[in-house]
Amino acid sequence: MDVSGGSGQPRSGNDEPTEPRTGPSAPAPHDGTARPESPGHDPGPGAGDEHAPDENGPPGADSPAPDDRGDHPADPADPADSAETADEPVRDSAAGPGTGKDPATAHGPAEHDTHPDRAHAHGGAGQPPPPRRPREPGGGLLMGRPFGVPVYVGPSWFLVAALITWVFGGQLDRVLPELGAARYLVSLFFAVAFYGSVLVHELAHTLAAIRFKLPVRRIHLQFFGGVSEIEKEAETPGREFVLAFVGPLLSLVLAGVFYLALQPVQRGTVPGVLLAALMVSNLIVAAFNLLPGLPLDGGRMLRAVVWKITGRPMSGTVAAAWIGRLLAVSVLIGLPLLTQSGALGSTAEDSVGMDTVTDALLAAIIAAIIWTGAGNSLRMARLREHLPELRARTLTRRAVPVETNTSLAEALRRANTAGARALVVVDGHGEPLSLVRESAIVGVPEHRRPWVYASELAQDLTDGMRVSAELAGEELLDVLRATPATEYLVVEETGEIYGVLSAADVERAFVKAMARPSASA
């Protein structure tokens, strides 16, 4: 399953397009707009202008530097979902090179000030980059969307299809020598039909997940079969058992269908050979998947049984994962020995030379897939076990409200005085409008801060950026994923401002939680 951990973290770069300022006089901000930009974490170091921040509360004090730049705040692009971050448009560039003069004698931020210092501080680029279209899950060639779930064929499928065509073509040469070169067309048809059976197997998992209201990200057909990427865990062991069992069950049903279709067909013909091969291959798929070790379906069924007995899903995962690793070792050692002994239908004389090397390589690949799949299952189970430790209320930074016409220097002074680590821009009635970005604050030289409005370094609040203080665990990550940003306004159920939640803080808490040993392991 594809459960978010580091990749579930919000992306940066959720910035708004530019438009001219219509309020009081103000310098041209880095995005050329009086509307706030994307949220930042917490105000940066040196937040109090004249008052240096201490380590216990001033903005930016707890934000570790992403590199060696001293005490700069954490990079908002730090969340682990780097692939998604790359897809987001980043519009932190200046509207253009500075052309105005520094209003050194002004008493507040001056209108249309495009001082080069500020242009450099806000990104230094002349034009914002064009927005990029976000990518879909991807992973290969999109073949369709049955039941609304995208089905992708990975590049490795073409390799295994060629391998099946070559191997099965050699077998056809012994059974139907009269086919000649046409045997490879028949073999290619078998390869496609076999993966069609694998798709039916995965669709069974998908339909069961949809029935249980579990989101399915995609179906991915690849080198050794396919996988249905179900993004959430079943709520009960009974549902987990059913979700795992329906795949092998459908493979057995397909084997039965091919067996019935084979009865009226003459043996030794192309249809007869194809039907027999598809029947046997589906029996093998069902039997292999019923082996009681993760990541196979039988391992998930074993996990559900242990979960039911112990009442702890993690205990079931540990048991099934270690049995999966034992299966991997058994395949690595046992498959070549079975082939050499002739137990799989070949004679000892046939199993020499290149055939021996091929069998050993195939066993190593299958064993590696099972071993790594079992390890990934353990890691995902640890992820789910620690997710409840991520609570919006405990991760939220204290925030200070400032009005739109408050200078950055004054806003940071208030934050230092209050021991707050974030700034929320509010209107005259105290309603929150936007969140000030830490990364933008860091880029403004200290001598420029009296001439810059705090609201110019902020991101407008959207509905998705308002997070309930009661959210925790996977529900919290789902909300953050739905609206990618670097900061979120945390509110009480009454609508009262509780503080600001930084995506970087969520990621750090997650990494720290994952580093702790599991109580069930």
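Residues numbered from 1 in each chain as written. Predicted model: local features only at pLDDT ≥ 70, side-chain atom pairs only at ≥ 80, totals over all residues. Heavy atoms only, no water.

Caption draft 1: How the structure looks around the overall build of the chain. Within the chain, the secondary structure is distributed over 14 helices and 11 strands. Here the chain, with 521 residues, has 48% of them falling under the buried criterion. As displayed, the chain has an accessible area near 24,300 Å², and 61% of this comes from carbon and sulfur atoms. (Helix = DSSP H or I, 4+ residues; strand = E, 2+ residues; numbered from the N terminus. Buried < 20%, exposed > 50% of the residue type's maximum accessible area, 1.4 Å probe, protein only. Areas by Shrake-Rupley, 256 points an atom, 1.4 Å probe, with all protein chains shown as cover.)

Caption draft 2: Inspection of the sheet that holds strand S1 (residues 141–144) at higher detail. Spatial strand order, S1-S2-S3-S4: 4 strands in an open sheet with mixed pairing. Only two strands of the sheet have a single neighbouring strand rather than two, namely S1 and strand S4 (225–230). With strand direction ignored, the average angle separating the axes of adjacent strands in the sheet is 25°. Where strand S3 (residues 216–222) meets S4, 6 bridges bridge the pair, whose relative direction is antiparallel. Its bridge partner being in S4, Val216 is matched across the sheet by Ile230. The sheet contacts of helix H3 (residues 155–175) involve strand S2 (151–153) and S3, and relative to S3 the element is tilted by about 30°. (Pairing = 2+ DSSP bridges. Axes fitted to C-alpha atoms, helices over the stretch in contact; angles between N-to-C directions. Contact = heavy atoms within 4.5 Å.)

Caption draft 3: Representation of the packing of aromatic side chains in the model. Using the criterion set out here, one finds 6 aromatic pairs in the structure. Each ring, one from Trp157 and one from Phe158, has its centre 5.1 Å from the other, and the planes form 85°; the classification is edge-to-face. With a centroid separation of 4.5 Å and an interplanar angle of 25°, the aromatic rings of Phe168 and Phe190 are classed as stacked. In this pair, Phe168 is assigned in helix H3 and Phe190 in helix H4 (residues 183–211), connecting sequence segments 22 residues apart. Counting every residue linked through ring pairs, the aromatic cluster contains Trp157, Phe158, Phe168, Phe190, Phe194 and Tyr195. (Phe/Tyr/Trp six-rings, centres within 6.5 Å; stacked < 30°, edge-to-face > 60°.)

Caption draft 4: Region of interest: a nonpolar patch on the surface. A contiguous nonpolar patch, built from Phe224, Leu361, Leu362, Ile365 and Ile369 and spanning about 400 Å² of accessible area, is present on the exposed surface. Relative to the helices and strands, Leu362 is located in helix H9 (residues 354–386). Exposure remark for Leu362: the relative accessible area of 37% places this residue in the partly exposed category. (Patch = residues over 30% accessible without salt bridge, like charges linked within 9 Å, V, L, I, M, F, W, Y side chains within 5 Å. Salt bridge = Lys/Arg side-chain N within 4 Å of Asp/Glu carboxyl O.)

Caption draft 5: Structural detail: the environment of Leu395. Mapped onto the elements, Leu395 comes out in helix H10 (residues 392–395). Note: C-alpha distance between Leu395 and Ala509 (114 residues apart in sequence) is 8.0 Å. Dropping the residues within four chain positions of it, Leu395 is found in contact with Leu390, Leu501, Asp505, Val506 and Ala509.

Caption draft 6: Examining the packing of H3 against H4 more closely. Between H3 and H4, the shortest axis-to-axis distance is 8 Å and the interhelical angle comes to 130°. Put simply, H3 runs oblique to H4. In this structure, the crossing between H3 and H4 has a hand that is right-handed. Along the contact surface, H3 presents Trp157, Val160, Ala161, Ile164, Thr165, Trp166, Phe168, Gly169, Leu172 and Asp173, while H4 presents Arg183, Tyr184, Val186, Ser187, Leu188, Phe190, Ala191, Val192, Phe194 and Tyr195. Considered class by class, the residues forming the contact of H3 with H4 number 15 nonpolar, 3 polar and 2 charged. (Parallel < 35°, antiparallel > 145°, perpendicular 65-115°, else oblique. Left-handed = near helix turned anticlockwise from the far one by under 90°. Nonpolar A, V, L, I, M, F, W, Y, C, P; charged D, E, K, R; others polar.)

Caption draft 7: Spotlight on the sheet that holds strand S7 (residues 432–436). Ordered in space as S5-S6-S7-S8, the 4 strands form an open sheet in which the pairing is mixed. Sheet topology places strand S5 (399–403) and strand S8 (458–460) at the edges, where each strand pairs with a single neighbour. This sheet shows a mean twist of 35° between the axes of neighbouring strands, independent of strand direction. Bridge count between S7 and S8: 3 bridges; the pairing is antiparallel.

Caption draft 8: Up close: the nonpolar core. Membership of the largest hydrophobic core comes to 29 residues, with the highest contact counts inside it found for Val424, Leu435, Val467, Leu476, Leu480, Tyr488 and Leu501. Here this core takes 4 residues from strand S10 (residues 487–491), the largest share from any one element. Of all hydrophobic cores here, the second largest spans 27 residues; its members include Phe168, Leu176, Val198 and Leu254. (Core = buried A, V, L, I, M, F, W, Y, C linked by side-chain atoms within 4.5 Å.)

Caption draft 9: A look at helix H11 (residues 408–418). Here H11 has its buried residues at Leu408, Ala409, Ala411, Leu412, Ala415 and Asn416. For H11, the buried positions fall inside an angular range of 160° around the axis, keeping them on one side. Buried residues along H11 sit in contact with S5, strand S6 (422–426) and helix H12 (438–442). Taken from the residues just after H11, Gly419 is the one with a positive phi, measuring 70°. (Arc of directions from axis to C-beta.)

Caption draft 10: Structural context of helix H13 (residues 473–482). Gly473, Leu476, Leu477 and Leu480 are the residues of H13 that are buried. Mapping the buried residues of H13 onto a view down its axis gives an arc of 95°, with all of them on the same face. Of the exposed residues in H13, the ones pointing more than 90 degrees away from its buried face are Glu475 and Ala482. Looking at the packing, one finds that the buried side of H13 touches H10, strand S9 (466–468), S10, strand S11 (497–502) and helix H14 (503–515).

Caption draft 11: Representation of the pattern of salt bridges within the structure. For the structure shown, the criterion picks out 14 salt bridges. In this structure, Arg183 engages Asp173 in a salt bridge whose closest nitrogen and oxygen atoms are separated by 3.9 Å. Separated by 10 residues along the polypeptide, Arg183 in helix H4 and Asp173 in helix H3 bring together distant segments of the chain. Between Glu410 and Arg413 there is a salt bridge; the shortest N-O distance is 2.7 Å. A residue pair is termed a helical-turn pair when its members lie 3 or 4 positions apart in one helix, as Glu410 and Arg413 do in helix H11 at 3 residues. On the basis of relative accessible area, Arg413 is assigned to the partly exposed category, the value being 31%. In the salt-bridge network here, residues are joined through shared partners; they are Glu233, Glu240, Arg300 and Arg303.

Caption draft 12: Molecular detail of the environment of Phe212. Within the secondary structure layout, Phe212 lies in the loop between H4 and S3. Residue Phe212 is classed as buried on the basis of its relative accessible area, which comes to 17%. Sequence-wise, Phe212 and Glu235 are 23 residues apart; in three dimensions their C-alpha atoms are separated by 8.9 Å. Non-local contacts of Phe212, meaning those with residues more than four positions away in its chain, are made with Arg239, Val242 and Leu243.

Caption draft 13: Spotlight on the side chain of Glu229. When you line up the elements, Glu229 lands in strand S4. Owing to a relative accessible area of 12%, Glu229 belongs among the buried residues under this scheme. Among the polar contacts made by the side chain of Glu229, one reaches the side chain of Arg218 at a distance of 2.8 Å. (Polar contact = N/O pair within 3.5 Å; in protein donor to acceptor, adjacent residues only side chain to side chain.)

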